[in-house]
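Residues per chain are reported as follows:
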Amino acid sequence: MSGSGVDRKMKVAVCGGGNAAHVLVPALKEAGASWVGVFTPFQEEASRISEGVASGGIVARYPDREARGVPDVVTSAADGLIPQADIVILAVPAFAHLGMLNAIGPHLKEGAWVGAMPSRGGFEFLGTHPDIARKSALLFGFQTLPWACRIVAYGRSVRVLGVKRTVRVGSLPSAAAAEVAERLGRLIGIRMRPVASMLAITLGNVGQIVHPGIMYGLFRDREDVAFAEEEIPLFYQGVTEAVAGVLDCISDEIGLVAGALSLKAGWTGDDCRVGSLREWLIESYGDAIADPRDTRSCLATNSAYAGLRIPIVKSGALHRPDFRSRYLTEDVPYGLVVTKGIADICGVATPTIDEVLATCSRWMGAEYYVDSRPVGRDIKNSRHPVNFGIATAEQLVRAGS
Ligand code: NAI
């Protein structure tokens, strides 16, 4: 894989058919990818997208422009599509990563690049997946999804609420990160910054801070609250000073974990640094934030977040917070639980993370930690390092590089 001319001949498989996939297809086509296939294991989803696409392709409506792209194939059959792909991008929530890898793994091309967008926590631990190893595949992970986006009509249009200015990317082997950032940045049309270890992507996963953190901050001790339709709170714009305080504490604790890990790993310089949530918001959103003064204002005045409400479930005529939403089912087991495992290995105390983790786990009806130990019945349904036989800093650092 070398040279921009060759990149244009790259065949890309997008795995997933949701919001992210709908933006990715036109982005890839606009940036010049010659062939883009969409794989979803769900026949019904594949049919819905195919029917929509037949009317002229997917239009991504950005705040200031439009991009259009027609996928070359949409299928629920991995064996017809995956063997052709040089690059495979998983655009699905983290709880679907392993299932996706199992579905596509046997069909991967030798040496293919396989990555997640975003990878959330512990994606690097899947580097030991037998098909990844057998096919000498390169693994990559994005710290975040480059866009805030919502499908308007399946296979036809998607609304892009905001675009991040820079997205960090890590890879296994880690030495390839600069090449991955350069290639994928060009292929998707997004500026990317390489990091020296995938562990920096895991700790830098901001979903684990904002999603469980805001839910905890808004609904701690009032989980029975219910709202009329017009009263459903705004998720980001509803963040108060107190809720932002929780987010800052989580962010600070992650910073301590990252600092301890850097010492153990011997990392110096900036390429494994995990900045604060506020720094990340400013780096990612720039001018979309009207008032960058503090974490609360960065969230509340960010145009990419405007109008987004809390996840809800209907309860009679009212609406209650949805404690089984992806904001928890993805960002707790594939976010905070992973970070907590790394904190334990590094010997760093994380009192705020512990409290948020315990409360959110209870809301979800899940059990990860019991008496400060990762022995809960659901720990196996997470990417805690213990599931991958990782118990020491040396094993951890090796798994991330
Ligand atoms: P979505 O809900 O629109 O789409 C999810 C896709 O995953 C669907 O195609 C669905 O069929 C598939 N899927 C779900 N469970 C599956 C399973 N068990 N096996 C295989 N496929 C499965 O999700 P969206 O919005 O595209 O999000 C993708 C990722 O991007 C998630 O990690 C999300 O947290 C993240 N993200 C999304 C943002 C957004 O604005 N949409 C913003 C920031 C991050």
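Only a predicted model underlies this, so the values are computations on that prediction, with no experimental measurement involved.

A. Molecular detail of the domain arrangement of the protein. Partitioning the protein into domains gives domain 1 (11-200) and domain 2 (204-395). Each partner contributes to the interface: domain 1 provides 29 residues, whereas domain 2 provides 32 residues. Of the roughly 2700 Å² buried between domain 1 and domain 2, counting both surfaces, carbon and sulfur atoms make up 54%. Of the charged contacts, one joins Glu-283 and Arg-168 as a salt bridge, the two residues approaching to 2.9 Å between their closest N and O atoms. Put simply, domain 1 and domain 2 have 18 residue pairs in polar contact (both at pLDDT 80 or more) between them. Breaking the side of domain 1 that touches domain 2 down by element, the ones donating at least two residues are β9 (147-153), β10 (157-163), β11 (166-172), β12 (191-194) and α8 (198-203). Among the elements that line the side of domain 1 that touches domain 2, the one with the most residues is β10, at 3 residues.

B. Here's a closer look at unusual backbone geometry. With an omega of 0°, the peptide bond running from Met-117 to Pro-118 counts as cis. In the segment running from Leu-172 into Pro-173, the intervening peptide bond is cis, with an omega of 5°. Along the chain, Pro-173 falls in the loop between β11 and α7 (177-188). Backbone geometry at Ser-136 places phi at a positive 50°, although glycine is not the residue there. For Ser-136, a relative accessible area of 49% translates into the label partly exposed. Despite not being glycine, Ser-372 shows a phi value in the positive range, around 65°.

About the thresholds
- Throughout this document, residue positions are counted from 1 along each chain, in the order its sequence is written.
- A pLDDT threshold of at least 70 governs which residues receive local features in this predicted model, and a stricter bar of 80 or more applies before side-chain atom pairs are shown or counted, although totals over entire chains, interfaces and linings include all residues.
- Hydrogens and waters are ignored; side-chain quantities use all the structure's heavy atoms.
- Where each domain starts and ends comes from a domain assignment, either automatic or drawn from a database.
- Should any heavy atoms of two residues lie within 4.5 Å, those residues are considered in contact.
- By convention, the term buried area covers the 1.4 Å-probe accessible surface removed from two parts as they join, with the contributions of both added.
- A carboxyl oxygen of Asp or Glu within 4 Å of a side-chain nitrogen of Lys or Arg is what we treat as a salt bridge.
- Polar contact criterion, stated in full: a pair of N or O atoms within 3.5 Å, where within protein one must be able to donate a hydrogen and the other to accept it, and residues adjacent in sequence count only if both atoms are side-chain atoms.
- Helix and strand assignments follow DSSP, with helices taken as H or I runs no shorter than four residues and strands as E runs no shorter than two, numbered in order from the N terminus.
- Only protein chains enter the accessibility calculation, which uses a 1.4 Å probe. A residue is then buried if its area is under 20% of the maximum for its type, exposed if over 50%, and partly exposed in between.

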